[in-house]
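A structural walkthrough
Residues per chain, in single letters:
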Amino acid sequence: MPTNQSNNSELSNSSSSPGGQHNEPLISLRGVGKILRTEELETHALSNINLDIHQGEFLSVSGPSGCGKSTLLSIIGLLDEPTSGQFKLKNITTEKLNMDQRAQLRSTEIGFIFQSFNLIGDLSVYENVELPLSYRDGIKKDEVKTKVENALDRVGMTHRKRHYPGQLSGGQQQRVAIARALVSEPSLLLADEPTGNLDSKNGEAVMNLLTELHSQGTTICMVTHDPRYADRSDRNVRIFDGRLVDENIRTESADKLIVA
Ligand code: ADP
Ligand code: MG
């Protein structure tokens, strides 16, 4: 609904497009397919995916193992390219970009969270979160410090900034990974089974954090196996054998957003 989208955009703290473009989706996939080829096998990992994600949305993607969820997230996160169809990010047709341009767009627009946290064990919590900014030209040391401290504060991990990943629980490591994904203030947070390696208590804490970030304006696309967690999103899409088969919009949550 247009009212809802414009309201979400106002809530968003990420850089929004200039006025009057609130109906333009942040992400748009049209007829997207992905064929993965090995020497002997050809797998249709995705077929004819049509999907829009708007700024301020919390979308979940579910479906059985091997159905193509991670492949979809990799394409949206510019880690992989479709073999057919069109993928636009902020109205930019991504197939025309070269590798450097893709990397640049990924580093400013996308934050990625993985099931296995993917923190670097030799770096402290602070240094892990600082890492995405270290590739930025011309950023001042003070600015880096402020951004890293803000990101750690948002996930409640400031008190562990000198610790190393091996000294933290799984739930704490995932919070640090979320801070690392947020530090560059991306337009979109992508999460691939973010609670998959956590016990239910830590999983719940990470879900509460994602829900809180969404209520503060972060746009999220999350892959999950768990129907309880899919229910926490505004909209759930289901994939089966590489195809979108079902879409479920939670108007109740959308209404809450309008009120907020
Ligand atoms: P999901 O995340 O839903 O479990 P994936 O997106 O990882 O599914 O995989 C989709 C399909 O693509 C699966 O059949 C998987 O075996 C296949 N696949 C994934 N990665 C590769 C690869 N690198 N080479 C060949 N096939 C792959
Ligand atoms: Mg997967």
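So, how was this worked out
- Residues numbered from 1 in each chain as written.
- Chains lettered and ligands numbered in written order.
- Predicted model: local features only at pLDDT ≥ 70, side-chain atom pairs only at ≥ 80, totals over all residues.
- Heavy atoms only, no water.
- UniProt positions renumbered as here; feature names shortened; annotations may be inferred.
- Helix = DSSP H or I, 4+ residues; strand = E, 2+ residues; numbered from the N terminus.
- Expected span 1.5 Å × (residues − 1).
- Buried < 20%, exposed > 50% of the residue type's maximum accessible area, 1.4 Å probe, protein only.
- Contact = heavy atoms within 4.5 Å.
- Pairing = 2+ DSSP bridges.
- Near = heavy atom within 4 Å.
- Polar contact = N/O pair within 3.5 Å; in protein donor to acceptor, adjacent residues only side chain to side chain.
- Areas by Shrake-Rupley, 256 points an atom, 1.4 Å probe, with all protein chains shown as cover.
- Nonpolar A, V, L, I, M, F, W, Y, C, P; charged D, E, K, R; others polar.

The name given to the chain in an unreviewed UniProt entry is ABC transporter ATP-binding protein, and the organism recorded there is Aliikangiella coralliicola. Listed in UniProt under the heading Sequence similarities (unreviewed entry), the comment for the chain reads: "Belongs to the ABC transporter superfamily. Macrolide exporter (TC 3.A.1.122) family."

It is worth spelling out helix α6 (residues 170-182) at this point. For α6, which comprises 13 residues, the first-to-last C-alpha distance of 18 Å matches the rise-based estimate of 18 Å (1.5 Å per residue) to within 8%. Most of α6 is tucked away, with 10 of its 13 residues classed as buried. For α6, every residue scored as buried is listed here: G171, Q173, Q174, V176, A177, I178, A179, R180, A181 and L182. Contacts made by the buried residues of α6 are with β6 (110-113), α4 (125-134), α5 (141-154), β7 (188-192) and α7 (200-215).

Across six bridges, the pairing between strand β9 (residues 235-240) and strand β10 (residues 243-249) is antiparallel. Pairing of V237 across the sheet is with E247, part of β10. Once β9 ends, the chain turns through two residues before running back antiparallel as β10, passing D241 with a positive phi of about 50°.

On to the site of ligand 1. Neighbouring ligand 1 are L36, T38, T43, A45, P64, S65, G66, C67, G68, K69, S70 and T71. For ligand 1, an oxygen atom lies 2.9 Å from a polar atom in the side chain of K69. A distance of 2.9 Å separates an oxygen atom of ligand 1 from a polar atom in the side chain of S70. In the complex, 58% of the free accessible area of ligand 1, which totals 560 Å², lies under the protein chains. Counting residues per element, the ones that place at least two in the shell around ligand 1 are β2 (42-53) and α2 (69-76). At three residues, the largest contribution of residues to the shell around ligand 1 is made by α2. Classifying every residue of the shell around ligand 1 by side-chain character gives four nonpolar, seven polar and one charged.

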